[in-house]
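Residues per chain, in single letters:
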Amino acid sequence: MLQNTRIEDFQSGQNGQKPRISGSVIVIIDLPCCDLSANNRDSQICRFRALYTNRWVFRKVGIELYGLNKKELYIADLMLAVTSLEETYEALRTFEILGIERKADISPATCPLIVENLGSSSSSPKDLFYALKVNGILKCDISAKFFEGIHSKLQAIVKDASSLLDFYYSIGSLVLIKEQGFKSNVLLGDADGIFHSIKALSQSDGRWRHSSNGPGSTIHAAGIALEALAGVVSLASTEVDQSMIDTVENDIMKLFDSLERYDGGAFYFDDKLLDAREHQGPLSTTSSAVRGLTAFATVTSGSLYPPGDKILGLAKFFIGIGIPGSAKDLFNQIDSLASLENNRQSKNDSFSSRKTTLVSIPLILSVPATVLSLTKKDQLKVKVSTVLGSDAPPLTVKLMEAFSSGSKDSSVVENQELKFDPENSVHFLDALPKSIDVGKYIFSFEIVLHDPEQKKVYATGGQTQVLIVVTGFIKIDTAEITVLDSDLGSIETKQKLDLYGENAVSLSANHLQKLLLSFQMTTPHGHAFKPHQAFLKLRHESKVEHIFVVGSSVKQFEIVLDFLGLVEKFYYLSGRYDIQLTVGDAAMENSFLQALGHVNLDLPEPPEKAARPPLQPVDHYLRYGPKQEITHIFRTPGKLPAQELSLTFLGLTLLPFVGFLLGLISLGNLKKFPTLVVPAIFAILFHVGIAAVLLLYMLFWLKLDLFTTLKALGFLGIFLFFVGHRTLSHIASTSAKLKPA
Amino acid sequence: MQDSNKPYETKVIVGGGEKVQQWSVYLIAVVVYMAIVGSFPFNSFLSGVLSCVGTAVLAICLRIQVNKENKEFKDLPPERAFADFVLCNLVLHLVIMNFLG
């Protein structure tokens, strides 16, 4: 559609207009598909679509005439690379909640767009809705006169609407018009009727359909419907019938029956639709439901509302997503969290008779550091806040229980209260209890609010489990390595090891002896410690390795290598073996991998059938690298005779042929050559043929291959046959004639 | 051998036994050559030898067939024998050339 575009720089201030628009580009757009001369709805839609494609947001600055074609001049603002007002609103709302100021950048380009949108008579309710939403954030300077026409248009749409989205957009726009103060009294005349029409689209399980003859009902649509109903209630000129509100509250409770659950305690909604096109993910569905729920709860007060732990579960779902991948998902997440946070603000406007909402505000407990070091004397710190990080009301955090992970023994800690540091808003424990030793634990926290009244307002959930790893410096002592005699158990050599420092023992053993390594490990609190990994590695000079696991008894770690049984495993390789000890654990701050020294093993000779040691990996460059270059040695050709000798013999060979011809002449046989013309020709041809065959043979020897020769020979042979037959038969007949004579 | 009894062509080829002698001379020459220069390539030597031998044999056959005093071949026209001789020679020489290499 953007054909014949020319992009030029444009400096602002042409008409003294403000704000400055430097940094934008002019795009001259020729829209051949749109009939620019007509000003009807179709051409407007066409132009509108052309302007809002390809991630450019255009606004018109003028019209120029090029030849006979009217070309409209637009400015494309590169800073706002969105395709629609809906996405603009989502981006701005996300910035607003996160506290990022972008109005100064965005307002100059977007406000005129909003004005145009609101002024255009062909804008759909969806466009109006999002234009007003954006305006609510940017607060553009729009005169109120626009809104007379819009208001009456919207009221008409509301009366005639039949689909859920029509209701939603039109009612939402009216609410926004009222909120932004463009019109003083925006009221819905027949609130009960409208409420009823929206309610009619609901299903018995709490879901809503989009229209009366539309496809299946979804939770996503239910969220939209609840927002629309909230709008109706807030705009009603007379109070909506309470019984209808109660039925909607019942629907909300039924909706919560279809809440699904993740293992970590997160709750979410998901529509299971057969139609994949319409499918919104769990995030989109849940955020729609939460928006609807909180909107409805804001304008009504009721007795039935979802329990606090489910609200907390929804908050955990949103938080547990982390940072989503797309802008829309981010908006859904942040906006829902903001709804869960902000619904505590009581509306002190004309609805002062209503109480504050009964959708509880979730309080989230988090532990910033889950690895605590006993050596550094780390303190256990816990933070409690609302979902977006605002302060929580006064409360106490209690550490109820701490289980060592992996064992179901009784808790090592009972009911410790954490102190509160108001400066950093952190709850902490001065020092970890003495019963907490090195290892992995599951700590159970509980939040206790100081003001019991607030229990209805805030959702704290029951106990929160957090996995904490406590690390420390493990003492290793009484490390010894011994060579024992197998039979008698007497010690031949014994050496102490210092496993904190360097070691270089030098032992020797034969196959009748045993090697014993032992050491003890103790935690800072004096308990025996069992590491996750304890390996002993013996490595031969030929790089053959053997790894053994060091076992543990009650008191200490030890490993006995009985060489008599290991002879076969070692492939009967005698020689020097390097010893290496590896001890490690997640909770151990001084895990190590140490070379202890070497042992010279003397093993017997391998029998014939012994297994060979496995091939060690060779240097890859040797195997895959370039090989030595080989020069090809050709077979020495046989000694050929000297050139002269061969030529002499050639001459000798030809001599008899000459003698033959001489003999022919002397014999006088040439008299019998036919003198008549025709037979003479045949005779000549016969001799010529034979000569040709002999020539062919010469060529065959020199150059040709057998098949060509055979082909030529075939032709020549046929020729020769005919000719020869004629010649010889002629001669035969002449002889026969002569004979009787 | 009586030269006048023989028809024209056979006199040409057969020529009173001198022909066979000629081929025998050839044979001896080839063998001597080989003895001097060695038997590489051996196939060439063999083809030389066989050529001499084969042609001598064919010549002898022709003489036998043409000789009027030979009872077995009385009805065979000498021209036919000569034509056979020519054909066999051609085939022999083809094989020889192939083997010569």
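Residues numbered from 1 in each chain as written. Chains lettered and ligands numbered in written order. Predicted model: local features only at pLDDT ≥ 70, side-chain atom pairs only at ≥ 80, totals over all residues. Heavy atoms only, no water.

The name given to chain B in an unreviewed UniProt entry is Dolichyl-diphosphooligosaccharide--protein glycosyltransferase subunit DAD1, with the source organism recorded as Tetracentron sinense. Regarding chain B, the UniProt comment filed under Pathway (unreviewed entry) reads as follows: "Protein modification; protein glycosylation." Check the Subunit (unreviewed entry) section of the UniProt entry for chain B; it says "Component of the oligosaccharyltransferase (OST) complex." (UniProt positions renumbered as here; feature names shortened; annotations may be inferred.)

An unreviewed UniProt entry annotates chain A as Dolichyl-diphosphooligosaccharide--protein glycosyltransferase subunit 2 originating from Tetracentron sinense. Here chain A is described in UniProt, under the heading Subcellular location (unreviewed entry), as follows: "Endoplasmic reticulum membrane".

1. Topic: the overall build of chain A
Within chain A, the secondary structure is distributed over 17 helices and 26 strands. Restricting to contacts in chain A with at least 6 residues of sequence separation, those with at least 24 account for 66%. (Helix = DSSP H or I, 4+ residues; strand = E, 2+ residues; numbered from the N terminus. Contact = heavy atoms within 4.5 Å.)

2. Some remarks on the packing of helix H11 (residues 308–320) of chain A against helix H12 (residues 327–342) of chain A
All names here are of chain A. Running from N to C, H11 and H12 point in directions that differ by 150 degrees, and their axes come no closer than 10 Å. Considering the angle they form, H11 stands roughly antiparallel to H12. Viewed along their axes, H11 and H12 form a crossing whose handedness is left-handed. Contact with H11, carried on its side by Ile311, Ala315, Phe318 and Ile319, involves Gln333, Ser336, Leu337 and Leu340 of H12 and no other residues of that element. For the contact of H11 with H12, the residue count by class is six nonpolar, two polar and no charged. (Axes fitted to C-alpha atoms, helices over the stretch in contact; angles between N-to-C directions. Parallel < 35°, antiparallel > 145°, perpendicular 65-115°, else oblique. Left-handed = near helix turned anticlockwise from the far one by under 90°. Nonpolar A, V, L, I, M, F, W, Y, C, P; charged D, E, K, R; others polar.)

3. Considerations on the pattern of salt bridges
Residue and element names in this part refer to chain A. Inspection of the entire model under this criterion finds 17 salt bridges over all chains. Between Arg207 and Asp271 there is a salt bridge, with its nearest N and O atoms 3.9 Å apart. With a gap of 64 residues between them, Arg207 in the loop between helix H7 (191–199) and helix H8 (219–235) and Asp271 in the loop between strand S6 (267–268) and helix H10 (282–299) connect regions that are remote in the sequence. With respect to class, Arg207 is no different from Asp271; both count as buried. (Salt bridge = Lys/Arg side-chain N within 4 Å of Asp/Glu carboxyl O. Buried < 20%, exposed > 50% of the residue type's maximum accessible area, 1.4 Å probe, protein only.)

4. Thoughts on the environment of B:Cys61
Residues and elements named next belong to chain B. Turning to its location among the elements, Cys61 is positioned in helix H3 (residues 42–66). We classify Cys61 as partly exposed; its relative accessible area is 36%. Along the sequence, Cys61 and Ala81 sit 20 residues apart, while their C-alpha atoms lie 8.9 Å from each other.

5. What about a negative patch on the surface?
Residues and elements named next belong to chain A. The grouping of Asp190, Asp192, Asp241 and Asp246 at the surface amounts to a negative patch. Here Asp192 is to be found in helix H7. Note on Asp192: relative accessible area 34%, which makes it partly exposed. (Patch = residues over 30% accessible without salt bridge, like charges linked within 9 Å, V, L, I, M, F, W, Y side chains within 5 Å. Areas by Shrake-Rupley, 256 points an atom, 1.4 Å probe, with all protein chains shown as cover. Lys, Arg positive; Asp, Glu negative; His and termini not counted. Charge placed at Lys NZ, Arg CZ, Asp CG, Glu CD.)

6. Section: the packing of aromatic side chains
Residues and elements named next belong to chain A. The final tally for this structure, using the stated rule, is 19 aromatic pairs over all chains. The interplanar angle of 50 degrees and the centroid separation of 6.3 Å between the aromatic rings of Tyr441 and Phe443 together place this pair among those described as tilted. The pair Tyr441 / Phe443 is uniform in exposure class, with both members buried. Between Phe563 and Phe570, the ring centres sit 6.3 Å apart and the planes meet at 55 degrees, which makes this aromatic pair tilted. In terms of burial, Phe563 and Phe570 fall into one category: buried. Three or more aromatic residues link up through ring pairs in this structure, and these residues are Tyr89, Phe129, Tyr130, Tyr168, Tyr169 and Phe331. (Phe/Tyr/Trp six-rings, centres within 6.5 Å; stacked < 30°, edge-to-face > 60°.)

7. Considering the sheet that holds strand S26 (residues 592–602) of chain A
By way of backbone hydrogen bonds, the strands of a sheet pair with one another, either parallel or antiparallel. Residue and element names in this part refer to chain A. Strand order in this open sheet of five strands is S19-S26-S25-S21-S22, and the pairing throughout is mixed. Strands with a single pairing partner mark the edges of an open sheet, and in this sheet they are strand S19 (505–510) and strand S22 (545–549). Within the sheet, the average angular offset between the axes of one strand and its neighbour, ignoring direction, is 25 degrees. Across six bridges, the pairing between S19 and S26 is parallel. Bridge pairing in S26 places Leu507 opposite Val599. (Pairing = 2+ DSSP bridges.)

8. Considerations on the sheet that holds strand S18 (residues 491–497) of chain A
All names here are of chain A. The strand order S18-S17-S20-S24-S23 describes an open sheet built from five strands, whose pairing is antiparallel. For this open sheet the edge positions go to S18 and strand S23 (551–552), each flanked by a neighbour on one side alone. Alignment of strand S17 (residues 475–485) against S18, held across six bridges, turns out to be antiparallel. By the bridge assignment, Leu484 is partnered in S18 with Ile491.

9. Considering the side chain of A:Glu86
Residues and elements named next belong to chain A. With respect to the helices and strands, the residue Glu86 is situated in helix H2 (residues 85–98). For Glu86, the side chain forms a polar contact with the side chain of Tyr130, separated by 3.5 Å. Ignoring anything within four residues of it in the chain, the contact list for Glu86 reads Lys126, Tyr130 and Lys328. (Polar contact = N/O pair within 3.5 Å; in protein donor to acceptor, adjacent residues only side chain to side chain.)

10. Remarks on unusual backbone geometry
Residues and elements named next belong to chain A. Backbone geometry at Ser425 places phi at a positive 50 degrees, although glycine is not the residue there. Classification of Ser425 as partly exposed rests on a relative accessible area of 23%. Here Thr478, not a glycine, exhibits a phi torsion of approximately 45 degrees, which is positive. By the secondary structure assignment, Thr478 is in strand S17.

11. Describing the confidence of the model for chain A
All names here are of chain A. Per-chain confidence: chain A averages 77 in pLDDT, with 81% of residues scoring 70 or above. Confidence drops under pLDDT 50 across residues 1–33; counting only partners more than four residues distant or on other chains, this segment forms 63 contacts. Across residues 64–70 the pLDDT falls below 50, and counting only partners more than four positions away or on other chains, this stretch makes ten contacts in the model. (pLDDT = per-residue confidence, 0-100.)

12. Describing the state of the cysteines
If you walk through the whole model with that rule in mind, you get one disulfide over all chains. Between the sulfur atoms of A:Cys111 and its disulfide partner A:Cys140 the distance amounts to 1.7 Å. The disulfide joining A:Cys111 to A:Cys140 has a torsion of about -80 degrees about its S-S bond and is therefore left-handed. Of the two residues, A:Cys111 sits in helix H3 (residues 103–119) while A:Cys140 sits in the loop between helix H4 (125–138) and helix H5 (146–160), which places them 29 residues apart along the sequence. Given a relative accessible area of 10%, A:Cys140 falls into the buried group. Cysteine B:Cys61 is unpaired, with the sulfur of B:Cys88 as its nearest cysteine sulfur at 8.2 Å. (Disulfide = S-S within 2.5 Å.)

13. Focus: H2(A)
Residue and element names in this part refer to chain A. The terminal C-alpha atoms of H2, which comprises 14 residues, lie 20 Å apart, in line with the 20 Å expected from a rise of 1.5 Å per residue. What H2 keeps buried is the set Leu85, Glu86, Thr88, Tyr89, Glu90, Leu92, Arg93 and Thr94. On its buried face, H2 is in contact with H3, H4 and H12. Downstream of H2 by one or two residues, Gly99 has phi in the positive range, about 80 degrees. (Expected span 1.5 Å × (residues − 1).)

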